[in-house]
Amino acid sequence: MYGQLRATRLGEYVILDTTRLDVYAMEKVTYRWVNTELTVAMDLYGRIVCGLRLAPISTRSIDVASVLYEVICPRSELDPKVLPYIGFPETLLLPTSSEPGPHGGASIPIECVVIDHGRVYMSQHVRSALERFGISVQPVRLYHGSDKGPLERWFRTLREGLLEHLDGYKG
């Protein structure tokens, strides 16, 4: 309850967070330049990015719920249009039944989700989705970004290593 979380196995703690990217994107319908926000789920034990979603303008609760769904039911590796994330352990956890999940592939059984006090994370939609899957919630302390340190570091690496080299980078 007090202090830093220490995970002992995969799926024990999954960190969820959203950040505004320093890149403009063009909207498909109106061809306007819009800001983007990235929502990411990272496993604390393996530092694995197991789900992400890019949203135009701002993140909604449906975006957070879809990231959770992607963690629980990952995409199929058989689909040639969908590339697996680098570092995702495909053979670490296998489903016990002979049939794969809705999208195929291995899934991470989540026990606890670490979230901040943002409006989208505290919404009834996200809370009911977590309750339906039997996932407990661990909110971080107010105004302590270091409680989600590994994910904040990943955001920094993304910003400094990739985004600043793109054409739509705004600085």
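Up top you'll find the structure we're talking about.
These numbers come from a predicted model, not from an experiment. (Residues numbered from 1 in each chain as written. Predicted model: local features only at pLDDT ≥ 70, side-chain atom pairs only at ≥ 80, totals over all residues. Heavy atoms only, no water.)

Novice: Where do I start with the overall build of the chain in this structure?
Specialist: A tally of helices and strands in the chain yields three helices and five strands. In the chain, the succession of α and β elements from N to C terminus is β-β-β-α-β-α-β-α. Taken across its 171 residues, the chain has 36% of its residues classed as buried. A separation threshold of at least 6 residues defines the contact pool for the chain, and within that pool the share at least 24 residues apart is 61%. Working note: accessible area of the chain is about 10900 Å², and carbon and sulfur atoms make up 55% of it. (Helix = DSSP H or I, 4+ residues; strand = E, 2+ residues; numbered from the N terminus. Buried < 20%, exposed > 50% of the residue type's maximum accessible area, 1.4 Å probe, protein only. Contact = heavy atoms within 4.5 Å. Areas by Shrake-Rupley, 256 points an atom, 1.4 Å probe, with all protein chains shown as cover.)

Novice: Would you explain the sheet that holds strand β4 (residues 112-115) in this entry?
Specialist: By way of backbone hydrogen bonds, the strands of a sheet pair with one another, either parallel or antiparallel. Taken together, five strands build an open sheet; the order of strands is β3-β2-β1-β4-β5 and the sheet is mixed. The open sheet has two edge strands with one neighbour each: β3 (48-56) and β5 (136-139). Adjacent strand axes in the sheet meet at a mean angle of 30° when their direction is disregarded. Here strand β1 (residues 13-26) pairs with strand β2 (residues 33-43) via ten bridges, running antiparallel. By the bridge assignment, Tyr24 is partnered in β2 with Asn35. The strands touched by helix α3 (residues 149-161) are β1, β2 and β3; relative to β1, the strand with the most contacts, the crossing angle is about 20°. (Pairing = 2+ DSSP bridges. Axes fitted to C-alpha atoms, helices over the stretch in contact; angles between N-to-C directions.)

Novice: Teacher, can you tell me more about the pattern of salt bridges here?
Specialist: Pairing is possible between side chains of opposite charge, provided their charged atoms come close. Under the definition given, this model contains nine salt bridges. For the salt bridge of Asp22 with Arg159, the shortest nitrogen-to-oxygen distance reads 3.3 Å. Separated by 137 residues along the polypeptide, Asp22 in strand β1 and Arg159 in helix α3 bring together distant segments of the chain. Between Lys148 and Asp116 there is a salt bridge, with the nearest N and O atoms lying 3.2 Å from each other. With Lys148 in the loop between β5 and α3 and Asp116 in the loop between β4 and α2 (124-132), the pair connects residues that are 32 residues apart, well separated along the chain. For the pair Lys148 and Asp116, a shared accessibility class is recorded, and that class is buried. Because the salt bridges share partners, they merge into one network encompassing Arg9, Glu12 and Glu111. (Salt bridge = Lys/Arg side-chain N within 4 Å of Asp/Glu carboxyl O.)

Novice: Help me understand α2 in this model?
Specialist: Given 3.6 residues per helical turn, the α-helix brings residues three or four places apart onto the same face. Taken together, the buried positions of α2 are occupied by Val126, Ala129 and Leu130. Angularly, the buried residues of α2 cover 95° about the axis, an arc narrow enough to put them on a single face. The exposed residues of α2 that point more than 90 degrees off its buried face are Gln124, Glu131 and Arg132. Summarising the contacts, the buried residues of α2 are in contact with α1 (61-72), β4 and β5. One or two positions beyond α2, positive phi appears at Gly134, with a value near 75°. (Arc of directions from axis to C-beta.)

Novice: Would you mind going over α3 with me for this structure?
Specialist: Its 13 residues give α3 an end-to-end C-alpha distance of 18 Å, which sits within 8% of 18 Å, the value for a rise of 1.5 Å per residue. Taken together, the buried positions of α3 are occupied by Leu151, Phe155 and Leu158. The buried residues of α3 occupy one face: seen down the axis, they fall within an arc of 60°. Among the structural elements, β1 and β2 are those in contact with the buried residues of α3. (Expected span 1.5 Å × (residues − 1).)

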